[in-house]
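The primary structure of each chain is shown beneath.
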Amino acid sequence: MQFAKWHGLGNDFVIVNGMKEVVGDYHKQALAVCDRNFGIGADGLVVLLPSEIADFKMRIFNSDGSEADMCGNATRCVARYLYENQLTDKTVITLDTLAGIITPELIFENGRLVTVKVDMGEPKLKRGAIPLAGDPQEQAINIPFLVEGETYHITSLSMGNPHCIIFVDDIRTVNLPVIGPKIETHILFPKKTNVEFLQIVDRHTIRMRVWERGAGITKACGTGASAALVASVLNGYTDRQATVKLDGGDLFIEWASNNHIYKSGPAVEVFRGKYLL
Ligand SMILES: N[C@H](CCC[C@H](N)C(=O)O)C(=O)O
């Protein structure tokens, strides 16, 4: 199976053209391919397929084999992959995902690609849409949340996939490998959740670390950074545009007046290959 290895700020993916390659069972293949010792090594497997309602369908599988609704960093990589492999001549590309239609735009200056800007759609704030247990019509902004006897205050929302955001004074004090999985698999999140810890630097800068649903600690999370901006605005900590500083680098996020979230950042192809197993 021919593949390409891409990353967005170190959040890395194996991208496969499912219109040409025989992938087999996606869940099993994701587990095997993402293994960093016995496989290629990645946070996720992305399979591109035809779509009736968009330019392409994008299916995303986490390294634990679970299928994700959406993936912000992969969206930027897929846009460049499609354009640079002549699978499209469009620079604004619609992608059909489980979270709806997501639209990345390749931004060129003097013929050189400078960034990829993604319309991530609208945040969903109601518990029923996250999903988070409780009144489905209610929002979950700065609410108490008990984790093994300790009370955290969380803000939870969906960017097509679930996010649980916690604000801390010093991000270096967060023991992510311990607390991450406890919140990811918490009973109140019936579809589990991505977990983001945020330290507000100023009204235009957020430092974030992430424990991803189905993937663990990653260098960056595009949907997570988008959710982080929304949570920071809702809690009055930042304005509607901010740089989110992740372990792998910076994403620029904007919550526009049309209620859409726009995320801009890089996408890098590292290598291509043929997967033999
Ligand atoms: N682990 C996520 C999917 C990947 C999201 C992340 N890599 C991004 O860039 O948005 C989930 O299961 O919802």
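This text gives an overview of the structure that appears in the document. In this text the structure is predicted, and so the values were computed from the model without any measurement. (Residues numbered from 1 in each chain as written. Predicted model: local features only at pLDDT ≥ 70, side-chain atom pairs only at ≥ 80, totals over all residues. Heavy atoms only, no water.)

Digging into a nonpolar patch on the surface
On the surface, Val268, Val270 and Phe271 cluster together into a nonpolar patch covering about 230 Å² of accessible area. Tracing the backbone shows Phe271 in strand 18 (residues 268-274). (Patch = residues over 30% accessible without salt bridge, like charges linked within 9 Å, V, L, I, M, F, W, Y side chains within 5 Å. Areas by Shrake-Rupley, 256 points an atom, 1.4 Å probe, with all protein chains shown as cover. Salt bridge = Lys/Arg side-chain N within 4 Å of Asp/Glu carboxyl O. Helix = DSSP H or I, 4+ residues; strand = E, 2+ residues; numbered from the N terminus.)

Looking at empty space enclosed by the protein
Taken as a whole, this structure holds 1 cavity of 30 Å³ or more when the rule is applied. Within this model, the largest cavity holds a volume of roughly 140 Å³. Lining of the largest cavity is provided by 18 residues; of these, Asn62, Ala68, Met70, Cys71 and Glu212 occupy positions nearest its centre. Elements supplying a minimum of two residues to the lining of the largest cavity: strand 2 (11-17), strand 4 (56-62) and helix 4 (222-234). If one sorts the elements of the lining of the largest cavity by residue count, strand 4 sits on top with 3 residues. In terms of residue class, the lining of the largest cavity is made up of 8 nonpolar, 7 polar and 3 charged. Counting only domains with at least three residues in the lining of the largest cavity, you end up with domain 1 (2-106 + 268-274) and domain 2 (127-259). (1 Å grid on protein atoms, 1.4 Å probe; cavity = no way out; pocket = protein on both sides within 12 Å on 5 of 7 lines; lining within 4 Å. Points joined across faces, edges and corners; volume = space filled by probe spheres on them. Nonpolar A, V, L, I, M, F, W, Y, C, P; charged D, E, K, R; others polar. Domains from an automatic or database assignment.)

Overview of the site of the ligand
Near the ligand you find 14 residues, and of these Gly72, Glu212, Arg213, Gly222 and Thr223 are the closest. Asn11 is positioned such that a nitrogen or oxygen atom in its side chain is 2.9 Å from a nitrogen atom of the ligand. Between the ligand and the protein, one listed contact pairs an oxygen atom with a side-chain N or O atom of Asn62 at 2.9 Å. Burial of the ligand by the protein amounts to 99% of the accessible area it has alone, namely 360 Å². Placement of the ligand is best described as lying within the largest cavity. Every element with two or more residues in the shell around the ligand is listed here: helix 2 (72-84) and helix 4. Across the shell around the ligand, the residue classes break down as 4 nonpolar, 8 polar and 2 charged. For the shell around the ligand, the domains that each give at least three residues are domain 1 (2-106 + 268-274) and domain 2 (127-259). (Near = heavy atom within 4 Å. Polar contact = N/O pair within 3.5 Å; in protein donor to acceptor, adjacent residues only side chain to side chain. Sits in = over half its atoms within 2 Å of the grid points.)

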